Amino acid sequence: MGCAQGKCCLPRHPRRGSSAAVGGGDHGGATLGRAAVPGAGLVLEYAALAVAGLYPESPARESQDAHLVTTRFAGDPNLHLFAVFDGHGAAGAACAGFARDALPRLLLASPSLAGAGATDFAAAFREAMLGANAEMHAAPGVDDSMSGTTAVAALVAGGALHVANVGDSRAVAGVWRAGRVVAEDLSWDQTPFRADERARVKACGARVMSVEQVEGMRDPEAEGWAPDEGDPPRVWARDGLYPGTAFTRSLGDLAAKAVGVVAEPEVKSVEITPSHLFFVVASDGVFEFLSSQEVVDRVATYQDPRDACSAIAAESYKLWLEHENRTDDITIIIVHIRDMENSGPAGSDKADYDSVRASIAVHTIQSEIPVFVQSEAIHMNRSAATGMQSLSSGSPTERSLSCVAPSPTHPLLVHGRISDASKPVQSEQRAASQPVQTWHQMDGGTELEWSIQQSIPPASC
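Residues numbered from 1 in each chain as written. Predicted model: local features only at pLDDT ≥ 70, side-chain atom pairs only at ≥ 80, totals over all residues. Heavy atoms only, no water.

Draft legend 1. Quick peek at the overall build of the protein. Check the secondary structure of the protein and you find 9 helices and 17 strands. Counting all 461 residues of the protein, 60% fall into the buried class. (Helix = DSSP H or I, 4+ residues; strand = E, 2+ residues; numbered from the N terminus. Buried < 20%, exposed > 50% of the residue type's maximum accessible area, 1.4 Å probe, protein only.)

Draft legend 2. Broad picture of the sheet that holds strand S1 (residues 31–37). Pairing is antiparallel in the open sheet, where 6 strands are placed in the order S1-S2-S16-S15-S8-S9. Here the strands that pair on one side only, and so sit at the sheet edges, are S1 and strand S9 (180–185). Put simply, the sheet's adjacent strands are angled 20° from each other on average, direction ignored. Taken together, the 10 bridges between strand S2 (residues 42–51) and strand S16 (residues 330–339) define a ladder with antiparallel strand orientation. Each bridged residue has a counterpart across the sheet, and for Ala50 the counterpart in S16 is Thr331. Against the sheet, helix H7 (residues 292–300) engages strand S8 (170–177), S9, strand S15 (276–282) and S16, with an angle of about 135° to S9. Seen against the sheet, helix H8 (residues 305–323) touches S1, S2 and S16 and runs at an angle of roughly 30° to S2. (Pairing = 2+ DSSP bridges. Axes fitted to C-alpha atoms, helices over the stretch in contact; angles between N-to-C directions. Contact = heavy atoms within 4.5 Å.)

Draft legend 3. Looking closely at the packing of aromatic side chains. Evaluated as defined, the whole model comprises 3 aromatic pairs. Ring centres 5.5 Å apart and planes at 65° place the aromatic pair Tyr46 and Phe82 in the edge-to-face group. One end of the pair, Tyr46, is in strand S2; the other, Phe82, is in strand S4 (residues 79–88), with 36 residues separating them in the sequence. Its relative accessible area of 0% is what places Tyr46 among the buried residues. With relative accessibility at 0%, the residue Phe82 sits in the buried group. Summarising the aromatic geometry, the rings of Phe82 and Phe279 are spaced 5.8 Å apart at their centres and angled 75° between planes, so their arrangement reads as edge-to-face. (Phe/Tyr/Trp six-rings, centres within 6.5 Å; stacked < 30°, edge-to-face > 60°.)

Draft legend 4. Highlighting the packing of H7 against H8. Relative orientation of the contacting elements H7 and H8 amounts to 140°, with a least axis distance of 9 Å. Compared by their axis directions, H7 and H8 come out oblique. Here H7 runs over H8; the crossing is right-handed. Taking contact as the criterion, the partners of Val295, Arg298 and Val299 in H7 are, on H8, Ala308, Ile312 and Glu315. The residue makeup of the contact of H7 with H8, split by class, is 4 nonpolar, no polar and 2 charged. (Parallel < 35°, antiparallel > 145°, perpendicular 65-115°, else oblique. Left-handed = near helix turned anticlockwise from the far one by under 90°. Nonpolar A, V, L, I, M, F, W, Y, C, P; charged D, E, K, R; others polar.)

Draft legend 5. Spatial organisation of the sheet that holds strand S12 (residues 243–245). Taken in spatial order, the 3 strands line up as S10-S11-S12 in an open sheet, and their pairing is antiparallel. Each edge of the open sheet carries a strand with a single partner, namely strand S10 (207–209) and S12. Across the sheet, the mean angle from the axis of one strand to that of its neighbour is 25°, orientation sign disregarded. Both strand S11 (residues 234–236) and S12 contribute to a ladder of 2 bridges, which runs antiparallel. Note that in S12 the partner of Trp236 across the bridge is Pro243.

Draft legend 6. Quick look at the pairing of strand S14 (residues 266–271). A large share of S14 lies buried, amounting to 5 of its 6 residues. Examined bridge by bridge, strand S7 (residues 160–166) and S14 share 6 bridges and lie antiparallel to one another. Counterpart to His162 in the pairing with S14 is Ser269.

Draft legend 7. Representation of the nonpolar core. Formed by 38 residues in total, the largest nonpolar core has its most connected members in Phe73, Leu81, Phe85, Leu107, Phe125, Met129 and Leu251. Among the secondary structure elements, those contributing two or more residues to this core are strand S3 (65–71), S4, helix H1 (92–109), helix H3 (121–138), strand S6 (151–157) and S7. Beyond its immediate chain neighbours, meaning those up to four positions away, Phe125 contacts Leu81, Leu107, Ala153, Leu155, His162, Ala164, Pro265 and Val267. In this structure, Phe289, Leu290, Val299 and Ala313 belong to the second largest nonpolar core, which totals 31 residues. (Core = buried A, V, L, I, M, F, W, Y, C linked by side-chain atoms within 4.5 Å.)

Draft legend 8. Layout of the pattern of salt bridges. Going through the model one piece at a time under the given rule, you end up with 19 salt bridges. Here Arg194 ties to Asp196 by a salt bridge, and the two come within 2.9 Å at their closest N and O atoms. Residue Asp304 is joined to Arg306 by a salt bridge in which the shortest nitrogen-to-oxygen separation is 2.7 Å. Here the salt bridges share partners, and the residues they tie into one network are Arg298, Glu315, Lys318 and Glu322. (Salt bridge = Lys/Arg side-chain N within 4 Å of Asp/Glu carboxyl O.)

Draft legend 9. Molecular detail of H7. Of all 9 residues that make up H7, 7 are buried, and the element is covered over most of its length. Every buried residue of H7 is accounted for by Ser292, Val295, Val296, Asp297, Arg298, Val299 and Ala300.

Draft legend 10. Structural detail: the pairing of S6. With 7 of its 7 residues buried, S6 lies for the most part within the structure. Every second residue of S6 is oriented toward a common face, with Ala151, Ala153, Leu155 and Ala157 on one face and Val152, Ala154 and Val156 on the other, all of them buried. In terms of strand pairing, S4 meets S6 through 6 bridges, oriented antiparallel. Looking at S6, one finds that Leu81 is bridged to Leu155. Where S6 lies against S7, 7 bridges are found, and the strand directions are antiparallel. The partner of Ala157 across the bridge, within S7, is Ala160. As consecutive antiparallel partners, S6 and S7 are separated by 2 residues, and within that stretch Gly158 has a phi angle of approximately 60°, a positive value.

Draft legend 11. Region of interest: H1. In this model, H1 (18 residues) spans 25 Å end to end at C-alpha, consistent with the 26 Å of a helix rising 1.5 Å per residue. At Ala102, H1 shows its maximal bend, which comes to roughly 30°, and the proline Pro104 appears one to four places after that position. Most of H1 is tucked away, with 15 of its 18 residues classed as buried. (Expected span 1.5 Å × (residues − 1). Bend = angle between axes of the 7 residues up to and from the residue.)

Draft legend 12. Expanded view of the packing of H1 against H3. The N-to-C vectors of H1 and H3 enclose an angle of 135°; their axes lie 9 Å apart at closest approach. It follows from the interaxial angle that H1 and H3 lie oblique. For the crossing formed where H1 meets H3, the hand is right-handed. Taken together, the residues of H3 that come into contact with H1 (itself represented by Cys95, Phe98, Ala99, Ala102, Leu103, Arg105, Leu106 and Leu107) are Ala124, Phe125, Ala128, Met129, Gly131, Ala132, Glu135 and Met136. When the residues that make up the contact of H1 with H3 are grouped by side-chain class, the tally is 13 nonpolar, 1 polar and 2 charged.

This is how it looks when you write it as structure tokens:
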């Protein structure tokens, strides 16, 4: 969901009789890669798929999503980065592409990641995302005055997973608990539906209303918005009909910064345990009509992550056309977490994973529907775990923000451990050699402890 002037302001009229979806052979165009995490005894098997949205009134419109997969991040075999960016506004594609290119460079340059002291991943993500935001504001080739992008990034660091989020794209893990796979959100959508985010932007001078409230069709003071009614609460300047964003944090969106739409990420860190089977990073093109649990259920029914990507994209595409006369851009990355010692998922010695897949009912995907994939997209290479390409270095351009966002306090999540056996969680020392990266991109229980890290800056406007 984007700005009022962008993709999300189109009327939500059902397209009756349509059953179009993304599907077909060859894994629906999804690509496969593998990367070892030797410090934790794990192997990551991942797939990614990007599907351009269907906009009947703008058939030549380019996808505004971007994503990246960077294995051996900073030359470290225990660091692997996965990220999705969902652009919005007239320059949304440029903003998403800019953020995709800037984030790994700035994360690599962060003193909190590259310094001599202990690594602070939450601080490194904060520095990198704020830096990317500042650079985007200053970039002469990117007009982000009324355009921007979400960003959700997941960094595997040995036996830990660190997720940073700005906006309403999402990351979720599939965790084995009490005989089933349960969705555990790794990020929280930052929208005016959240009372804490709504209060924060109001404190920065924003009005929060739906389009119908702005147009006088509904009580402007009412706050009973329904997530599925198609007219979400948006952020507006007190004296104007802008920016109209349906999110409360983003990269770019310069005009929205004065009313509290900031680039401060929320960061969550979790220990990867034998209960963690996989995680998903995806744009809201997936999560607009599918819940985190529904997505996790679908992933769990497929052994090959490429097939899961294709099935979820197909279901998302179909649901968009059942509710509207167009679809959003859809981007999804699925990462299976497997033990090095066996071919099954991590913790599969504790459970019959095939029976897990068989026990979950999913919607039928019509295989005869064609695949909608951008022909110019650069797909990930199957030699993803071994090929390497250097990244240019650089430093962020500093720029002051008119409002600094506090992250809300979330409860510490405590779950159960399936057994006393656990995997190593300490990553090996990062290699001291020159940072080298593998870079792939497409334009366009009973007691499991989860630790949460969040950057909490002072609340000021």
